[in-house]
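One letter stands for each residue in the lines below.
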Amino acid sequence: MLAAVWPASSSTLLLNGLVLSSSVDADYHVVTSTELLIVEPGEFFVFGGSDNPFDNGGVTNVGYAYGTDISLANEVDGIVIEADGLVLDVVEWDDGVTFPDVNGASMSLDPS
């Protein structure tokens, strides 16, 4: 599950065409939708493998499901977000060596 927050600009972000990928293997997914996927400043958007709450830990606000194209490891991995070949953001984790490895089902990175 990945939630993207867009508070840093007064611009609207169009998510169609973004590439989501793993930083450690060749897994990737191009965001495609028949409708425009838009995030306004200060809003957030949730990407998930599934939009079914029974498959994704009970999350009910998945805005876009990327299916099985990406498989992110719990121990060492990362997510890369790209647009038009430009890397917009990367978050990597390392099984607790330098990035927190909390107990439970999820964690978040505070954008501030």
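Now for a description of the structure that goes with this document. Since this is a predicted model, take the numbers as computed values, not measurements. (Residues numbered from 1 in each chain as written. Predicted model: local features only at pLDDT ≥ 70, side-chain atom pairs only at ≥ 80, totals over all residues. Heavy atoms only, no water.)

## Quick notes on a nonpolar patch on the surface
- Judged by side-chain polarity, Leu 14, Leu 36 and Ile 38 come together as a nonpolar surface patch covering roughly 280 Å² of accessible area.
- On the secondary structure map, Ile 38 appears in strand 5 (residues 38-39). (Patch = residues over 30% accessible without salt bridge, like charges linked within 9 Å, V, L, I, M, F, W, Y side chains within 5 Å. Areas by Shrake-Rupley, 256 points an atom, 1.4 Å probe, with all protein chains shown as cover. Salt bridge = Lys/Arg side-chain N within 4 Å of Asp/Glu carboxyl O. Helix = DSSP H or I, 4+ residues; strand = E, 2+ residues; numbered from the N terminus.)

## Quick look at unusual backbone geometry
- The backbone phi angle of Asp 84 is positive, close to 50°, even though this residue is not glycine.
- Along the chain, Asp 84 falls in the loop between strand 8 (76-83) and strand 9 (86-94).

## Describing the environment of Ile 38
- Given the relative accessible area of 39%, Ile 38 is considered partly exposed.
- Taking C-alpha positions, Ile 38 is 5.7 Å from Leu 13, a pair spaced 25 residues apart along the chain.
- Leaving out residues up to four positions away in the same chain, Ile 38 has contacts with Thr 12, Leu 13 and Leu 14. (Buried < 20%, exposed > 50% of the residue type's maximum accessible area, 1.4 Å probe, protein only. Contact = heavy atoms within 4.5 Å.)

## Some points on the nonpolar core
- Counting residues in hydrophobic clusters, the biggest one holds 16 residues, and the most contacted among them are Leu 15, Leu 20, Val 31, Phe 45, Phe 47 and Tyr 64.
- Within the residue set of this core, elements represented by two or more residues are strand 6 (44-48) and strand 8. (Core = buried A, V, L, I, M, F, W, Y, C linked by side-chain atoms within 4.5 Å.)

## Remarks on the sheet that holds strand 9
- One open sheet accounts for four strands, arranged 4-3-8-9; its pairing is antiparallel. The sheet is open, and its two borders are formed by strand 4 (28-30) and strand 9, each paired with just one other strand. Strand after strand, the sheet turns through a mean of 10° between neighbouring axes, direction not considered. (Pairing = 2+ DSSP bridges. Axes fitted to C-alpha atoms, helices over the stretch in contact; angles between N-to-C directions.)

## Overview of the packing of aromatic side chains
- Across all of its chains, the model carries two aromatic pairs by this definition.
- Ring geometry for Phe 47 and Tyr 64: centres 6.1 Å apart, planes at 75°, overall edge-to-face. Of the two residues, Phe 47 is situated in strand 6 and Tyr 64 in strand 7 (residues 64-65); the sequence distance between them amounts to 17 residues. You'll find Phe 47 and Tyr 64 in the same group, each marked buried.
- Ring-pair connections join several aromatic residues into one group, and the members of that group are Phe 45, Phe 47 and Tyr 64. (Phe/Tyr/Trp six-rings, centres within 6.5 Å; stacked < 30°, edge-to-face > 60°.)

## Section: the side chain of Ser 21
- Here Ser 21 lies in strand 3 (residues 19-22).
- Setting aside chain neighbours within four positions, we find Ser 21 in contact with Asp 27, Tyr 28, Ile 70, Gly 78, Ile 79, Val 80 and Glu 82.

## Digging into the environment of Val 30
- You can see Val 30 is positioned in strand 4.
- The class for Val 30 is partly exposed, based on a relative accessible area of 35%.
- The sequence separation of Val 30 and Leu 18 amounts to 12 residues, and the corresponding C-alpha distance is 5.8 Å.
- Residues within four places of Val 30 in sequence aside, it is in contact with Gly 17, Leu 18, Val 19 and Tyr 64.

## Digging into the environment of Glu 82
- Along the chain, Glu 82 falls in strand 8.
- For Glu 82, a relative accessible area of 22% gives the class partly exposed.
- With 64 residues separating them in the primary sequence, Glu 82 and Leu 18 have C-alpha atoms 5.7 Å apart.
- Here Glu 82 is in contact with Leu 18, Val 19, Ser 21, Val 87 and Leu 88, once residues within four sequence places are set aside.

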